[in-house]
Each structure stands twice: as structure tokens, then as C-alpha cells.
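# Structural characterization, general
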Amino acid sequence: MLSINRERFKENFSALANIGVMREGGINRPTFSNGHFKAREWFKQKTIDAGFKFKVDNAGNHIARFNCPSSTSPVLIIGSHLDSVPNGGKYDGALGVVAALEVLQTVKDSGVILPYHLEAIDFTDEEGTLVGLLGSSAVAGKLSEMEIANPRGNQDVLVDGYTKLGLSPSTILTSKRAPESIAGYIELHIEQGKILYEENIQVGIVTKIVGINSCSVTFLGRADHAGTTKMEDRLDASQGASSFGLTLFNRIKNNYPACVVNIGKMVFHPGAFNIVPEKVVVSVEFRAPESRQLDEIKFDLITVAKESAKAYNLKVEINFLGKHPPVIMDPRVRSTIKRVADSLGLKSREMPSGAGHDSQSFARICPSGMIFIPSKGGISHSPKEFSYWKDCVNGANVLLNTVLQGADYVQLY
Ligand code: GLV
Ligand code: MN
Ligand code: MN
């Protein structure tokens, strides 16, 4: 079986891991930050140096392309993302992008002729510091005007970022491709959980990806002097927000064992030790394996928010911000990954993903699959994120050979 070039892969991964690095070792490349732009520039330069066609589409996705001889063939896309969560790890997304480029180089060097074009793509804003799966859902035609107009992150950053790229948010949706032009999508990623690590298994084959909803919940009260206003006289937005958070956590823990909820941010206004907060904005994300559960949690969340506001005589506003439905990964791609792992002598198992991925966008329109490798201790979205290099190399070789075996699963119209 063909193998990737370990040294080149390592050199590229290490170069990228130095971009946007914090003093404590974390990676800080939120979408359209300086670090993110530098990482994307690195990818562009590598693509050009390697002799591939380079293109930026209207969603700002950075695309390296290796054409097959037949111009009418569809394209098999491999990729991931170079943006990171604030102070995240160096493997999340980056591993998949570097591996995708390495696969293109290995295929090109080998002289193998495939019946589909190959693209390695660095997708814009996978992590959702702005929208989430922005670039991939735009290409898959699953992004809405609403999600661009009402991002869960900072709208100014979104507009400024696209302007810096010489693009505009108003044309993002034109990056949609005809589904029949896409033969399939494959992504390599770290697991970001501890199943593979604890079971000492080298390859995870993703069966399905969790659905994700986000919303901001705003409690509105009245600003007052924190020293002179009696506890019973306050319209304290922080009390409503606190009650909402704890009640919601318990509701999910007790009623939805397979689901999770996260409050990643609470912003207090005006925000001072000695002012009763008149407004608290709570950033909430919830995830579930089934769409039905997402709907049920949404209903419960609205109920809990209203009850919490009522208990403290507050007003509440809820703004739902984008939704990524759960998806099933293609059974043919899964069995190809399994066969490739077996041939390489690697232990593998099927598993669901609790993290969102760009493959989630493509699974809705073409045969898609994901390859996981172990994350030490299951830690991710943290500077402590770590994967052993031999596992990264194994993952890249599984990716390469799954791409080469595309005839088993791609859609050729
Ligand atoms: C991406 O890593 C996500 O699941 O939020
Ligand atoms: Mn990721
Ligand atoms: Mn991530």
C-alpha cells in the first residue's frame, strides 16, 4: 500500500503548529484573527510550492486542487480547518488539513491516475467563533442567509474578515457547488474524546455526528446601587441567569442522558462589582444525537428561561443562532476505512462523534466519512490537546488509502 512521506508531513505539521502559538503552548487562531490569516497564508504558499492549483472561493475556503485527466470528473474533497477555538490545541483541524495536502502530494508523486479530481481544503470558520461549519456548509449548499446575518459570534469580525479577503458576506452562498460535482468527502481528525486512547485502538471510524444548536438568552432587569438596594428590591439579571444555568444543566443531566448542554459565556452589563446587573447575555450550546431530542431540549430551554425570568421579575429574550443537524456517515465509506485499517494492520472501531466537523456539511449531500485517531486522555479544545505522532502518521496513511480506494464509494454521475 502507498504511504505518505513521514518527514514532509512532520515538517509541515510542526511549521503550522508554530503559527498563532501562545506563550503557554496553546493555539489561538479564531477565525480571521492574525494567527488564522497567517496559517491560511502558510497553506496557500505550501500549495503553490507543491505545484497545485490554488483557489479561494466566495466563502473564503482555501483550496488546493490536483486534477485527474478527465475534466468532466467530479472531485473527491479532503480537508478540515485551520481556525481554532480561543487558546485551543495544535491538532484540532490542522492535522486534517496538513494530512489532506500530504495526500495530494503523495498521489501526485506516485503517478497514480484516479477517476476523480482531488481537492485539499482549509474550510473557513469550522469552530464557530463566527457561525460554525461556515465554509463547508456554504459549499454543500446548507448555509442560510439568516446564519450569515445573525452569526453566533461577532458580526463585525465576519464582515471585516471577508473584506480583508477581498470578498463580501453577501456572496458567500454563491460558493455552493452542484452536488453532482462532488464525488465524496473524507476527513482525518483527532477524536477529542478518550474512547480510542482508553481502549488502545488506533483508528476510529465515525458512524454519526451529533446535532448542534446555539442560542443566546438575555435576562433583563434594572441597574441599581449594589450596596443600598435591598436584596428583595432588586431586579437582578444575574440571579435569573444563574438560576437558568443550573436548572438547565440538571434538566439535561436527568432527562437526556445522551445529550449535553454548555454555557460557554455570560456577559454582565454594565459589569462592575458595585452595580446590580441590568442585563446578562448567556451563550448556550446544546448537542444531541437525534433531531427530535434537539427539538425537545429547545422546548425545555425556553420553558426554563421563562420560569427563571419570572422567579426574579425579569424579562427574557431568546435568540436561536444556527443549527447543524445530526448526520450519519456513509456505510460504504465506513467499510472502506475499515478495510484500509485492517490492511495496514491497525486496530479500528466504529464510534459516534460528539464534536462537530466539516464532514457534517458534506454528509448531507455526498458519500462522506471520517477517520479518528486517539487524543491522549481525551483532552481537546485545550492547550493540553495531544496525539502521538505515530497515530497521526497512521491516520494520514488511512486517509491516503481511503482516498485511493474511492471507487468503492464515490458518486460518479
Ligand atoms: C468543534 O470542535 C465543535 O464540536 O465545537
Ligand atoms: Mn475540528
Ligand atoms: Mn474544535
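A few points on the structure. Along each chain, residues carry numbers from 1 onward, in the same order as the chain's sequence is written. In the order they appear in the text, chains get letters beginning with A and ligands get numbers beginning with 1. Given that the model is predicted, a residue must reach a pLDDT of at least 70 before its local features are reported, and side-chain atom pairs must reach 80 or more before they are shown or counted; all residues, however, enter totals for whole chains, interfaces and linings. To obtain the side-chain values, all non-hydrogen atoms of the structure were included, while hydrogens and water were left out.

## Examining the overall build of the protein chain
In plain terms, the rule: Each helix is a run of H or I in the DSSP string that is no shorter than four residues. Each strand is a run of E no shorter than two, and both are numbered from the N terminus. Within these notes, the globule rule equals 2.2 Å times the number of residues to the 0.38 power, and the radius of gyration is based on C-alpha atoms. Partly exposed residues are those whose accessible area sits between 20% and 50% of the maximum for their type, while under 20% is buried and over 50% is exposed, using a 1.4 Å probe and protein chains only. Contact criterion: two residues are considered in contact whenever any of their non-hydrogen atoms come within 4.5 Å of each other. Per-residue accessibility takes into account occlusion by the displayed protein chains alone, with areas from the Shrake-Rupley method and a 1.4 Å probe. Positive charges come from Lys and Arg alone, negative charges from Asp and Glu alone, with His and the N- and C-terminal ends not counted. The atoms used to mark charge sites are NZ of Lys, CZ of Arg, CG of Asp and CD of Glu.
Along the backbone of the protein chain there are 12 helices and 15 strands. Its C-alpha radius of gyration of 22 Å places the protein chain within 12% of the 22 Å reference for a compact globule of 413 residues. Along the longest, intermediate and shortest principal axes, the C-alpha atoms of the protein chain span 80 × 45 × 45 Å. In the protein chain, which comprises 413 residues, the share counted as buried stands at 54%. Pairs at least 24 residues apart make up 79% of the contacts formed inside the protein chain by residues separated by at least 6 positions. Total accessible area on the protein chain is roughly 17,400 Å²; 51% of this is exposed by carbon and sulfur atoms. Each charge class in the protein chain can be summarised by its mean position, and for the 45 positive and 43 negative side chains these summaries are 1 Å apart.

## Focus on the pattern of salt bridges
Worth spelling out the cut-off: A side-chain nitrogen of Lys or Arg and a carboxyl oxygen of Asp or Glu constitute a salt bridge if their distance falls within 4 Å.
Tallying each qualifying case throughout the model produces 16 salt bridges. The partner of Arg-8 in a salt bridge is Glu-102, with the nearest N and O atoms 2.8 Å apart. Here Arg-8 is found in helix 1 (residues 6–17), whereas its partner Glu-102 is found in helix 3 (residues 94–110), with 94 residues between them in sequence. With relative accessibility at 1%, the residue Glu-102 sits in the buried group. Linked through salt bridges whose partners overlap, the residues forming this network are Arg-8, Glu-102 and Asp-109.

## So, the side chain of Asp-330
Worth spelling out the cut-off: By the criterion applied in these results, polar contacts are pairs of N or O atoms within 3.5 Å in which, for protein atoms, one can donate a hydrogen and the other can accept it, and in which residues neighboring in sequence qualify only through two side-chain atoms.
One can find Asp-330 in the loop between strand 13 (327–328) and helix 10 (331–343). Polar contacts involving the side chain of Asp-330 include one to the main-chain amide nitrogen of Arg-332, which spans 2.7 Å. Asp-330 has contacts with Pro-367 and Ser-368, leaving out every residue within four places of it along the chain.

## Observations concerning the packing of helix 2 (residues 34–49) against helix 3
Counted only if it meets this: Fitted lines through C-alpha atoms give the axes, limited to the stretch in contact for helices. The angle between two N-to-C directions lies from 0 to 180 degrees. Small angles under 35 degrees read as roughly parallel and large ones over 145 as roughly antiparallel, with 65 to 115 read as roughly perpendicular and the rest as oblique. Residues are grouped as follows: Ala, Val, Leu, Ile, Met, Phe, Trp, Tyr, Cys and Pro are nonpolar; Asp, Glu, Lys and Arg are charged; every other residue, Gly included, is polar.
As a packed pair, helix 2 and helix 3 sit with axes 11 Å apart at the nearest point and diverge in direction by 10 degrees. Taken together, the axes of helix 2 and helix 3 are roughly parallel relative to one another. Contacts between helix 2 and helix 3 involve Trp-42, Phe-43, Lys-46 and Thr-47 from the former and Val-97, Val-98 and Leu-101 from the latter. For the contact of helix 2 with helix 3, the class distribution of residues is 5 nonpolar, 1 polar and 1 charged.

## Some remarks on the coordination of the manganese ion (ligand 2)
Definition in use: Only nitrogen, oxygen and sulfur atoms qualify as donors, and only when within 2.8 Å of the metal (3.2 Å in the case of Na, K and Ca); with water excluded, sites may look incomplete.
Ligation of the manganese ion (ligand 2) by protein atoms is provided by His-81 (NE2), Asp-92 (OD) and His-189 (NE2), these donors lying 2.0 to 2.2 Å from the ion. Sequence positions of the donors to the manganese ion (ligand 2) reduce to the motif H-x10-D-x96-H. Between the manganese ion (ligand 2) and the manganese ion (ligand 3) the interatomic distance amounts to 3.6 Å, and Asp-92 serves as a bridging ligand to the pair. Residue Asp-92 is found in the loop between strand 3 (75–81) and helix 3, and its partner His-189 is found in strand 5 (residues 182–190); the two are separated by 97 residues along the sequence. As far as the burial class goes, Asp-92 and His-189 line up, both buried.

## Let's talk about the site of ligand 1
Just so we agree on the cut-off: Any residue with at least one heavy atom within 4 Å of a molecule or strand is counted as near it.
Taken together, Glu-126, Glu-127, Arg-287, Ala-355, Gly-356 and His-381 make up the full set of residues adjacent to ligand 1. A distance of 3.1 Å is found between an oxygen atom of ligand 1 and a side-chain nitrogen or oxygen belonging to Glu-127. Within the backbone of Gly-356, a nitrogen or oxygen atom sits 2.7 Å from an oxygen atom of ligand 1. Relative to its unbound accessible area of 200 Å², ligand 1 is 92% covered by the protein chains.

## A word on the pairing of strand 11 (residues 279–288)
Basically, it comes down to this: Strand pairing follows a simple DSSP-based rule, namely that at least 2 bridges must link the two strands.
In terms of burial, strand 11 is a largely internal element, 7 of the 10 residues being buried. As paired elements, strand 7 (residues 211–220) and strand 11 share 10 bridges and run antiparallel to each other. Paired with Val-217 across the bridge in strand 11 is Val-282. Looking at chain direction, strand 9 (residues 260–269) and strand 11 are connected through 9 bridges and run antiparallel. Along strand 11, the bridge assignment pairs His-269 with Lys-279.

## Here's the deal with a nonpolar patch on the surface
Stated precisely, the cut-off is as follows: Here a patch means residues that are over 30% exposed by relative accessible area and free of salt bridges, tied together within 9 Å if like-charged and within 5 Å if nonpolar (Val, Leu, Ile, Met, Phe, Trp, Tyr).
Where nonpolar side chains cluster on the molecular surface, the patch consists of Tyr-197, Phe-386 and Tyr-388 and spans about 260 Å² of accessible area. Position of Tyr-388 relative to the elements: it lies in the loop between strand 15 (368–373) and helix 12 (389–404). We classify Tyr-388 as partly exposed; its relative accessible area is 34%.

## Focus on the coordination of the manganese ion (ligand 3)
The protein atoms that coordinate the manganese ion (ligand 3) are Asp-92 (OD), Glu-127 (OE), Glu-127 (OE) and His-381 (NE2), at distances of 2.1 to 2.5 Å. Ordering the donors of the manganese ion (ligand 3) by residue number gives the pattern D-x34-E-x253-H. The exposure class of Glu-127 is buried, given its relative accessible area of 11%.

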